[in-house]
Amino acid sequence: MGARVDVTDRKGTIILDGEITVRYAAEIKDILLKTLDEADEIIMQCAAVTTVDLAGLQLICSIHRSITLAGKRLFCAGLLPDAMKKIIAEAGYDRLTGCRQDDQKSCFWVQDAVPGDVH
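Per chain, residues are indexed from 1 in the order of the written sequence. With pLDDT at 70 or above as the cut-off, local features in this predicted model cover only qualifying residues; side-chain atom pairs require 80 or more to be listed or tallied, and sums for whole chains, interfaces and linings still use all residues. Excluding hydrogens and water, the side-chain values take into account all heavy atoms of the structure.

A. Helix α3 (residues 82–90), seen in detail. What α3 keeps buried is the set Met84, Ile87 and Ile88. Taken around the axis of α3, the buried residues stretch over an arc of 105 degrees, which confines them to a single face. Those residues of α3 that are exposed and angled more than 90 degrees off the buried face are Asp82, Lys86 and Glu90. Working rule for contacts: check all heavy atoms of both residues, and any pair within 4.5 Å makes them a contact. Numbered from the N terminus, helices here are DSSP runs of H or I no shorter than four residues, and strands are runs of E no shorter than two. Contacts from the buried residues of α3 go to β3 (41–52) and α2 (54–69). Any residue under 20% of the maximum accessible area for its type is buried, any over 50% is exposed, and the rest in between are partly exposed; the area is computed with a 1.4 Å probe on protein chains only. The arc refers to the directions leading from the helix axis to the C-beta atoms.

Given below as structure tokens:
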């Protein structure tokens with residue numbers, strides 16, 4: 001698992017690569033929470049993610065809720081890799097609309113919400 005983070009003027013970019021799995025969940029959580037403290041708007045890029053498991057999906061969902069409840073914004077930049085799309089579908093996370101907390105319409109799991117640019 002690798003993560004590169006850049007925060008400038010309260011805007012953060014997180015680039016994840018490799019595994020988003022239970023093995024790295026605590027490390028990824030710490031990175032996401034630190035970025036949440038430093039930024040009001042976060043763009044997460046997952047194009048280089050090679051493996052994801054249910055713990056990884058739950059972590060992304062949890063941090064999205066935390067960010068939304070804090071009045072901040074989280075966006076997915078670019079297309080999700082096939083490995084993520086597959087586990088999203090297999091785990092039943094693919095959706096047509098986000099959860100009740102997703103008032104910003106930025107849910108990662110909404111299928112048409114990942115057209116290749118920031119949403």
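B. Structural detail: the nonpolar core. Here, the term nonpolar core denotes a set of buried Ala, Val, Leu, Ile, Met, Phe, Trp, Tyr and Cys residues that are joined through side-chain atoms within 4.5 Å. Ranked by size, the top nonpolar core spans 29 residues in total, and within it Met44, Cys46, Met84, Phe108 and Trp109 carry the most contacts. The set of elements that each furnish at least two residues to this core consists of β2 (11–20), α1 (25–38), β3, α2, β4 (73–77) and α3. When neighbours within four sequence positions are excluded, tryptophan 109 is seen to be in contact with Leu57, Ile60, Cys61, Ile88, Tyr93, Asp94 and Arg95.

Note that every value here comes from positions in space, so none of it alone points to a role or purpose.
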